[in-house]
Amino acid sequence: AAGAALAGLAARRWNSAALALLAWSGLSGQFAWQRIAAGPRTPVEVREMALTSLAIPPAAVWHRAVGTWRTRRTPPWPAPVRAVLFDRDGTLIRDVAYNGDAAQVEPVPTAAASLARLRAAGLAVGVITNQSALARGLITREQLDAVNARVEELLGPFDTWQVCPHADQDGCDCRKPEPGMVYAAAAALGVQPYEVAVVGDIGSDIQAALAAGARAVLVPNLKTHPQEVAACDVTAQTLQEAVDVLLGAR
């Protein structure tokens, strides 16, 4: 209304300007009274409410207009998936407890084909894995590196490896369900966390993804608890099906 009044004055359309000014005065008075009526209605409070009631509407309209403009200039939301991070044990390879033997590495069905599809589609792929066996002294770093090298030999190269070497009691920010490895992987890949998807087989994988603002797909197996499946919004029966979901979200 105030803008219309100013436009009417600039165009010398006095009647239109007067009507718009009258509307602005009435609306401003109504807004001020709604704020003043609750009290305590002291002179100082009434003056402050009156003055700020004149300033708030144009400020609000301005912020709304700027927000609308910025939103229309940005790509559609949610943002496309640009990187997919996988849990290692139970997701990419068979889960062998505290495995330090590269000879025991065995990919799960469809793992190689699923990764090949993602790479062909131009997506970065990475691994985020909890390895508390290091903290417990059950395996050495050399053994872990040999296992990871065997994973790459069988499944192809990954763009980032993020390994948490801590145990539960260490209180780190990288051990899933904490989001540290998701953040670190996104930074290493040059993408934002909301452009990342995490694929895992247990609830902590999903929790880490959501805590970082990433998307998540659960691929349950015999070790996945029913309550973890029930709590997950997106599930897939196989890695191939998970990739179908993620490529469809691009």
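For the structure, check the block above.
About the criteria used
- Throughout this document, residue positions are counted from 1 along each chain, in the order its sequence is written.
- Given that the model is predicted, a residue must reach a pLDDT of at least 70 before its local features are reported, and side-chain atom pairs must reach 80 or more before they are shown or counted; all residues, however, enter totals for whole chains, interfaces and linings.
- Only heavy atoms go into the side-chain values, all of them from the structure, while hydrogens and water stay out.
- Put simply, DSSP H or I for four residues or longer makes a helix, DSSP E for two residues or longer makes a strand, and each gets a number counted from the N terminus.
- A radius of gyration in this sense is built from C-alpha atoms; the matching globule rule multiplies 2.2 Å by the number of residues raised to 0.38.
- For every residue, the accessible area (1.4 Å probe, protein chains only) is compared with the maximum for its type, and the residue is labelled buried under 20%, exposed over 50%, or partly exposed between those bounds.
- Residue contacts are defined here by distance: any two heavy atoms, one from each residue, within 4.5 Å place the two residues in contact.
- Should DSSP find at least two bridges between two strands, the strands are taken to pair.
- Seen with the strands pointing away from the viewer, any crossover whose path from the first strand over the helix to the second strand runs clockwise is right-handed.
- To get an axis, a line is fitted to the C-alpha atoms, and for a helix only the part in contact is used. The angle between two axes follows their N-to-C directions and goes from 0 to 180 degrees.
- For classification purposes, an angle smaller than 35 degrees is called roughly parallel, one larger than 145 roughly antiparallel, one from 65 to 115 roughly perpendicular, and anything else oblique.
- Take the far helix as the reference: if the near one is turned anticlockwise from it by less than a right angle, the crossing is left-handed, and if turned clockwise, right-handed.
- Classification convention: Asp, Glu, Lys, Arg as charged; Ala, Val, Leu, Ile, Met, Phe, Trp, Tyr, Cys, Pro as nonpolar; all other residues, Gly among them, as polar.
- Among buried residues, those of type Ala, Val, Leu, Ile, Met, Phe, Trp, Tyr and Cys that are joined through side-chain atoms within 4.5 Å constitute a nonpolar core.

Asks: A description of the overall build of the protein chain should follow, citing residues and the corresponding values.
Replies: On a plain count of helices and strands, the protein chain comes out with ten helices and five strands. Computed over C-alpha atoms, the radius of gyration of the protein chain comes to 28 Å, more than 25% over the 18 Å expected from 2.2 N^0.38 for 250 residues, which places it beyond the range of a compact globule. With 250 residues in all, the protein chain has 38% of them scored as buried. For the protein chain, the share of sequence-separated contacts (at least 6 apart) that also reach a separation of at least 24 residues comes to 61%.

Asks: Residues and numbers for the pairing of strand β4 (residues 196-200), please.
Replies: Burial runs high along β4: five of the five residues are buried. With burial as the criterion, each face of β4 is covered, one bearing V196, V198 and G200 and the other bearing A197 and V199. Strand direction decides the pairing type here: strand β1 (residues 83-86) and β4, joined by four bridges, are parallel. Its bridge partner being in β4, V84 is matched across the sheet by A197. With four bridges joining them, β4 and strand β5 (residues 215-218) adopt parallel strand pairing. Residue pairing in the sheet places A197 in a bridge with R215 of β5. Once you follow β4 into helix α8 (residues 203-212) and on to β5, the crossover reads as right-handed.

Asks: Tell me about unusual backbone geometry, and name the residues and values.
Replies: Peptide bonds are mostly trans, and most non-glycine residues show a negative phi. Here G39 and P40 are connected by a cis peptide whose omega angle stands at 10°. Its place among the elements puts P40 in the loop between α2 (14-36) and α3 (43-73). Note the cis peptide between K176 and P177, where omega equals 20°. Tracing the sequence through the fold places P177 in the loop between β3 (160-164) and α7 (180-189). For R41, which is not glycine, the phi dihedral falls at a positive 60°. Relative to the helices and strands, R41 is located in the loop between α2 and α3.

Asks: Talk me through the packing of α2 against α3; I want residue IDs and the actual numbers.
Replies: Direction vectors running N to C along α2 and α3 enclose 130°, while the axes themselves pass 9 Å from each other. As far as their axial angle goes, α3 and α2 are oblique. The element α2 and its partner α3 pack so that their crossing is right-handed. Contact residues: α2 offers W24, S28, F31, A32, R35 and I36, while α3 offers E45, V46, M49, A50, T52, S53, L54, I56 and P57. Here the contact of α2 with α3 is composed, by residue class, of ten nonpolar, three polar and two charged.

Asks: An account of the nonpolar core is needed here, citing residue identities and associated values.
Replies: In terms of nonpolar packing, the biggest core is built from 26 residues, with V84, F86, L92, F158, V199 and L239 touching the most fellow members. Counting residues per element, the ones that place at least two in this core are β1, α4 (111-120), β2 (124-130), α6 (141-155), β4 and α10 (239-248). Setting aside anything within four residues of it in sequence, one finds V84 in contact with L118, L123, A124, V125, G126, A197, V199 and L246.

Asks: If you had to explain α8 to someone new, which residues and values would you point to?
Replies: With seven of ten residues buried, α8 lies mostly within the body of the structure. Those residues of α8 that fall on the buried side of the exposure criterion are G203, S204, D205, I206, A208, A209 and A212. The inward-facing, buried residues of α8 abut α7, β4, β5 and α9 (226-231). One or two positions beyond α8, positive phi appears at G213, with a value near 85°.

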